[in-house]
Amino acid sequence: MREISVTELQLLSCLGVEPELSDPTVASWYYNTATYRVQLDRCDVVLVLQPASRDLQLTINVNGQRSFELTAMTVHDVRVIDEQGVDALEIVLDARSQLILQLRPRLEIIQQFQ
């Protein structure tokens, strides 16, 4: 099984928050479940990532109400989009579909199919 591209440091830089690890006794972030909670104005973004299995869950709540949820098992890849002034992740679901989560300068979700 291939590894995801994103690193712990890249996610920290992009999301701006430290993850909550499900098992703090596991030394490696890669073999843990990392939960990132980002607050943006009225929006709460929660990304749960299991790097080793490439499973993730993304939930966005606006004013306490769920507006978006994605649960994806064995995603193809997760990458940080390296662009000046933009904090964004690309979640490659498979060879033909991807989701872009942009946090800054404004929250956007873009889903693409080929």
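Please refer to the structure placed before this passage.
Predicted model, so just to flag it, every value in this text is computed and none were measured.

## Points about the environment of Pro51
So, point 1. In this structure, Pro51 sits in the loop between strand 3 (43–50) and strand 4 (55–62).
So, point 2. A residue is classified by how much of its surface remains accessible, and Pro51, at 0% relative accessible area, is buried.
So, point 3. Spatially, the C-alpha atom of Pro51 lies 9.1 Å from that of Val78, the residues being 27 residues apart in sequence.
So, point 4. Ignoring anything within four residues of it in the chain, the contact list for Pro51 reads Ile4, Trp29, Tyr30 and Asn32.

## Some thoughts on the pattern of salt bridges
So, point 1. Following the criterion strictly, the structure yields six salt bridges and no others.
So, point 2. Between Arg104 and Asp87 there is a salt bridge, with its nearest N and O atoms 3.1 Å apart. Linking Arg104 in strand 8 (residues 97–104) with Asp87 in strand 7 (residues 86–94), this pair joins segments that are 17 residues apart in sequence.
So, point 3. Take Asp87: its relative accessible area is 22%, and that puts it in the partly exposed class.
So, point 4. When the shortest N-O distance is used, the salt bridge between Arg106 and Glu108 registers 2.9 Å.
So, point 5. With relative accessibility at 23%, the residue Glu108 sits in the partly exposed group.
So, point 6. Connected through salt bridges with shared partners, the residues Asp77, Arg79 and Glu90 form a single ionic network.

## Observations regarding the side chain of Thr33
So, point 1. Tracing the sequence through the fold places Thr33 in the loop between strand 1 (20–21) and strand 2 (34–40).
So, point 2. A polar contact is formed between the side chain of Thr33 and the side chain of Gln50, at a distance of 3.0 Å.
So, point 3. Filtering out sequence-adjacent residues up to four positions away, Thr33 remains in contact with Glu20, Leu21, Ser22, Val48, Leu49 and Gln50.

## What about the packing of aromatic side chains?
So, point 1. Summed over all chains, the structure comprises one aromatic pair.
So, point 2. When the centroid spacing of 4.8 Å and the interplanar angle of 90° are considered together, the rings of Tyr30 and Tyr31 count as edge-to-face.
So, point 3. Given a relative accessible area of 17%, Tyr30 falls into the buried group.
So, point 4. With a relative accessible area of 61%, Tyr31 lands in the exposed category.

## Here we look at the nonpolar core
So, point 1. In terms of nonpolar packing, the biggest core is built from 26 residues, with Leu11, Leu15, Val45, Leu47, Leu49, Leu56 and Leu58 touching the most fellow members.
So, point 2. When residues of this core are traced back to their parent elements, those giving at least two are helix 1 (8–15), strand 2, strand 3, strand 4, strand 5 (65–72), strand 7 and strand 8.
So, point 3. With four residues, the top contributor of residues to this core is strand 2.
So, point 4. Residues within four places of Leu11 in sequence aside, it is in contact with Val6, Gly16, Trp29, Tyr36, Leu47, Leu49, Val80 and Leu89.

Cut-offs applied
- Residues numbered from 1 in each chain as written.
- Predicted model: local features only at pLDDT ≥ 70, side-chain atom pairs only at ≥ 80, totals over all residues.
- Heavy atoms only, no water.
- Helix = DSSP H or I, 4+ residues; strand = E, 2+ residues; numbered from the N terminus.
- Buried < 20%, exposed > 50% of the residue type's maximum accessible area, 1.4 Å probe, protein only.
- Contact = heavy atoms within 4.5 Å.
- Salt bridge = Lys/Arg side-chain N within 4 Å of Asp/Glu carboxyl O.
- Polar contact = N/O pair within 3.5 Å; in protein donor to acceptor, adjacent residues only side chain to side chain.
- Phe/Tyr/Trp six-rings, centres within 6.5 Å; stacked < 30°, edge-to-face > 60°.
- Core = buried A, V, L, I, M, F, W, Y, C linked by side-chain atoms within 4.5 Å.

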